[in-house]
Amino acid sequence: MVVLLIVLAAMAGEAGMFTVQQTVGSVLCCKCGILMAPNAANMCVKCLRSEVDITEGLQKHVIIIHCPECDCYLQPPRTWLKAQVESKELLTFCVKRLKNLNKVRLIHAEFIWTEPHSKRIKVKLRVQKEVLNGAVLEQAYMVEYVVHDQMCESCSRVQANPDQWVAAVQLRQHVSHRRTFFYLEQLILKHDAAVRAIRIKQMDRGIDFFFANRSHAVKFVEFIQKVVPVKSRNDKQLVSQDTKSNNYNYKYTFSVEICPICREDLVCLPPKLATSLGNLGPLVICTKISNSIALLDPLTLRHCFLDAEQYWRASFTSLLSSKQLVEYVVLDVDPISSEVNVGGSKYVMADAQVARVSDFGKNDTMFMVRTHLGHLLNAGDYALGYDLHAANSNDMEIDKYKGLVMPEVILVKKSYEETRQKKRGKPRAWKLKSLPIEVDASDTRGRADEEKMNKEYEQFLRDLEEQPELRFNISLYRNKEYQPSEMASVTDGEDAPSVPLEELLDDLKLSDEEGDDDDDDLDDGGMQE
């Protein structure tokens, strides 16, 4: 019958006949008599709320235990959950602590801002429940959580004795700089590899990581083995024993040595290794360090990869390091090949005429060199390379090659020092995070070591700007204090490489957001049929 009436009404409308518009009726509330939309209880929202309180019997005051040292919350009976302030994890934890919440249907939950020092967490909940004659009432209410500070077991042990560690990882690299550790620090931060470390201490040519559990140290060593070529050994020392119960307490030490070959180092391969690699080199440049070492012959564009086992079997050192790079000016460039993709990077072989910048005004010494940087260099550019013409090398591997003709210069990378001089002192648009590393003042030489480390860190930041593949596994964050200058971009000419803004991450910090009319929202309610 209803379908027939609808069809007839549609036909009448198409025929232009007069039809009566349907209207939604209203009824009077059986309590106060005001007009309202009809519902199952025939009562308005205010009257229904005065008759029924769906939040009755629900918890509105809860006490939670918080560890101020590691920022964890106690999930009874003995589980500690790590959660930041006003995070989704903390909101889930707070909701699960409520009893009898299964009697109602939870619709929405959100934090209400409180003073950080008040030791109070307020959560606004919106719930629904079926009441009189099938009517569904929705109501919002607030739950107050009182935070009691109490250290967890691991933090209390550390506070009682800061040196109470079970396992230590001694990370070392026998080179004259710390650029490898700067890069490794960013990888550790991105993957939270050292989140279980109870203490991190800077040592000479390395870093020590202390853990409260041996398994945490083993996991950390496994992570290091995946990102850099290392060799490791471990040992243990008996601390105490109970022969009656057959309990023994040990302290474990893991010694991890990173290979001394770094990116941009010039290497002379041992004859046996060069032969096994198809007569590569023997003079090669290290282009990348990961869990393997990428080596490139700059004269032939042949390359190879050495894993940790292959390297430690030969165990060679670098002929010249990046601290011995010399700046050259490019006088002429003549490409002799097309662009070639080698190991994911693009190179172009070229013959170039260069001269040392330090020789300007002193002599007319020039060098004809073959370089793999033909796609980057133009006449008038500056480049950094190794001066083998004036270098004094005592590498034993070179003496093993009889009749080896050494090139006078090997160019490594393009230099942007002149452009950077104009921007010296200006902040970058990005920044990096750092580990909480302890530095013992007695192990340093004061201002000299600090200036050296700042210079090496600045060079590491420049390498990140120049090498996109180097920052592929690193998290870079926006610098909120950076203010771009329009005049600088006009007057500086050719800009030095920089990090694109789309690669930067927002440094998320939970700010104090002012919630408008939060108290008024607690009084809002609704009723659905």
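On a predicted model such as this, the values are computed, not experimentally measured, just so you know. (Residues numbered from 1 in each chain as written. Predicted model: local features only at pLDDT ≥ 70, side-chain atom pairs only at ≥ 80, totals over all residues. Heavy atoms only, no water.)

A.B. asks: Mind showing me how you'd approach the sheet that holds strand β14 (residues 266-268) here?
C.D. replies: Pairing between the strands of a sheet is mediated by backbone hydrogen bonds and can be parallel or antiparallel. Strand order in the open sheet formed by five strands is β17-β16-β15-β14-β18, with antiparallel pairing between adjacent strands. The open sheet is flanked by β17 (303-307) and β18 (318-320), the only strands paired with a single partner. Averaged over all neighbouring strand pairs, the angle between strand axes comes to 45 degrees, with direction disregarded. Of the pairings in the sheet, the one linking β14 to β18 comprises two bridges and is antiparallel in character. The residue bridging leucine 266 from the neighbouring strand is leucine 320, located in β18. (Pairing = 2+ DSSP bridges. Helix = DSSP H or I, 4+ residues; strand = E, 2+ residues; numbered from the N terminus. Axes fitted to C-alpha atoms, helices over the stretch in contact; angles between N-to-C directions.)

A.B. asks: What's the story with the packing of helix α5 (residues 179-191) against helix α6 (residues 214-227) in this structure? I'm lost.
C.D. replies: How two helices pack is summed up by the angle between their axes together with the distance between the axes. Between α5 and α6, whose axes approach to 11 Å, the crossing angle comes to 125 degrees. When the axis of α5 is compared with that of α6, the two are oblique. Considering the relative orientation of α5 and α6, their crossing is right-handed. The segment α5 lies against α6, with Leu184, Leu187, Ile188 and His191 engaging Phe220, Phe223, Ile224 and Val227. Residues that form the contact of α5 with α6 fall into these classes: seven nonpolar, one polar and no charged. (Parallel < 35°, antiparallel > 145°, perpendicular 65-115°, else oblique. Left-handed = near helix turned anticlockwise from the far one by under 90°. Contact = heavy atoms within 4.5 Å. Nonpolar A, V, L, I, M, F, W, Y, C, P; charged D, E, K, R; others polar.)

A.B. asks: Could you clarify how one ought to interpret the environment of phenylalanine 93 in this entry?
C.D. replies: Its place among the elements puts phenylalanine 93 in helix α3 (residues 88-96). We classify phenylalanine 93 as buried; its relative accessible area is 4%. Separated by 12 residues in the primary sequence, phenylalanine 93 and leucine 81 place their C-alpha atoms 8.4 Å from one another. Ignoring anything within four residues of it in the chain, the contact list for phenylalanine 93 reads Ile64, Tyr73, Leu74, Gln75 and Leu81. (Buried < 20%, exposed > 50% of the residue type's maximum accessible area, 1.4 Å probe, protein only.)

A.B. asks: Can you walk me through the packing of aromatic side chains in this structure?
C.D. replies: Two aromatic rings are characterised by how far apart their centres lie and by the angle between their planes. One pass over the full model with this rule turns up 11 aromatic pairs. Pairing tyrosine 73 with phenylalanine 93 gives two aromatic rings, centres 5.7 Å apart and planes at 40 degrees, and the pair type is tilted. Separated by 20 residues along the polypeptide, tyrosine 73 in strand β4 (residues 72-75) and phenylalanine 93 in helix α3 bring together distant segments of the chain. Taken individually, tyrosine 73 and phenylalanine 93 each receive the classification buried, so the pair is uniform in this respect. A centroid spacing of 6.2 Å and a plane angle of 40 degrees characterise the contact between tyrosine 457 and phenylalanine 460, whose relative ring orientation is tilted. In this pair, tyrosine 457 and phenylalanine 460 both sit in helix α11 (residues 447-466), three residues apart, roughly one turn of the helix. Take tyrosine 457: its relative accessible area is 29%, and that puts it in the partly exposed class. Here the aromatic residues Phe182, Tyr457 and Phe460 are joined through ring pairs into a cluster of three or more. (Phe/Tyr/Trp six-rings, centres within 6.5 Å; stacked < 30°, edge-to-face > 60°.)

A.B. asks: Sorry, what's going on with the confidence of the model for the chain here?
C.D. replies: Keep in mind that low pLDDT regions are not for reading the predicted coordinates in detail. On average, residues of the chain score 82 in pLDDT, and 84% of them are at 70 or above. A low-confidence stretch, residues 487-493 stays under pLDDT 50, and its non-local contacts, those more than four residues away or across chains, total four contacts. A low-confidence stretch, residues 509-525 (pLDDT under 50), is modelled with 22 contacts involving residues beyond four sequence positions or located in other chains. (pLDDT = per-residue confidence, 0-100.)

A.B. asks: Honestly, the sheet that holds strand β19 (residues 326-335) in this entry has me stumped. Any pointers?
C.D. replies: If you walk across this open sheet you meet the five strands as β23-β22-β19-β24-β25, and the pairing is antiparallel. Strand pairing shows two members of the sheet lacking a second neighbour, β23 (367-371) and β25 (409-415), which therefore form its edges. Direction aside, the axes of adjacent strands within the sheet are offset by 45 degrees on average. Pairing geometry for strand β22 (residues 350-356) and β23, over five bridges, is antiparallel. When the bridges of β23 are listed, aspartate 351 appears paired with arginine 370.

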